[in-house]
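Residue-level listing of the chains:
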Amino acid sequence: MSEHLRIGEVAARAGVRADTVRYYEKRGLIPPPQRRPSGYRAFSAETVQRIRFIKRAQELGFTLEEISQLLRLRASRRAECADVREIANHKIEIIDEKIADLRAMRGALMHLLDGCHENLPVVECPIIESLERSTRA
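Below: a short report on this structure. (Residues numbered from 1 in each chain as written. Predicted model: local features only at pLDDT ≥ 70, side-chain atom pairs only at ≥ 80, totals over all residues. Heavy atoms only, no water.)

1. Considerations on the packing of aromatic side chains
The way to describe two aromatic rings as a pair is by their centre distance and the angle between their planes. This model, assessed by the stated rule, comprises zero aromatic pairs. Sitting above the plane of the Tyr40 ring, Arg6 keeps its charged end 3.9 Å from the centroid. Positioned above the aromatic ring of Phe53 is the side chain of Arg74, whose terminal nitrogen or guanidinium carbon lies 4.8 Å from the ring centre. (Phe/Tyr/Trp six-rings, centres within 6.5 Å; stacked < 30°, edge-to-face > 60°. Lys NZ or Arg CZ within 6 Å of the ring centre and 35° of its normal.)

2. A few points about the sheet that holds strand β3 (residues 41–44)
What the three strands build is an open sheet, ordered β1-β3-β2; its pairing is antiparallel. Each edge of the sheet is formed by a strand with only one pairing partner; in this case those strands are β1 (4–5) and β2 (34–35). Relative to β3, β2 runs antiparallel, the two sharing two bridges. Opposite Arg35, over in β3, you have Arg41 as the bridge partner. Across the sheet, helix α3 (residues 45–59) touches β1 and β3, and the angle it forms with β3 is around 65 degrees. (Pairing = 2+ DSSP bridges. Helix = DSSP H or I, 4+ residues; strand = E, 2+ residues; numbered from the N terminus. Contact = heavy atoms within 4.5 Å. Axes fitted to C-alpha atoms, helices over the stretch in contact; angles between N-to-C directions.)

3. Quick notes on the nonpolar core
Val21, Ile51, Ile54 and Ile67 are the most contacted members of the largest nonpolar core, which has 21 residues in total. For this core, the secondary structure elements donating two or more residues are α1 (7–14), α2 (18–27), α3 and α4 (64–75). For Val21, the residues in contact, after removing those within four places along its chain, are Ile7, Val10, Ala11, Val16, Ile30, Phe43 and Ile51. (Core = buried A, V, L, I, M, F, W, Y, C linked by side-chain atoms within 4.5 Å. Buried < 20%, exposed > 50% of the residue type's maximum accessible area, 1.4 Å probe, protein only.)

None of this, on its own, says anything about what the molecule does.
Dropping the structure here:
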C-alpha cells in the first residue's frame, strides 16, 4: 500500500511551504490528492519527488509553464529526449539574451562611473544627470 501524507508532511519533505503545495496543485503541476474520510488530503509519496523536480527546474531558470511542459513530456510514452532538449535550448537562448542585456547595463553604468568624481557636488553628478535626462524624455 502506498504511503499517504498530509500537506504539512509533503511540504516538509519537499522543502517548501504548505501554500506552495497548494499553489502547485492549483496550477496542475501536482495531481489532486485523494481525500480521507476525515476530509484531510492524502498526498502520495510521489508528490514529494514531483515537487523536488519542480524546485530543481526552477533553480535552473525554468518557468512554471515550461516545467508543466517538461512534466507532460516526462509522463508521455511518445516523448523523446529531443523534445526536452528543445525546451532546454530555448531556455539557454533566453539566458544568453539576459546576460547580454546585463552586460550592456553594466557597461552603461561603468561609463557613467568613469565620469563620476567623488568630490563633485551631487547636482553635477553624471549618474544623477543621466537619470534625470531619461525622466524628461
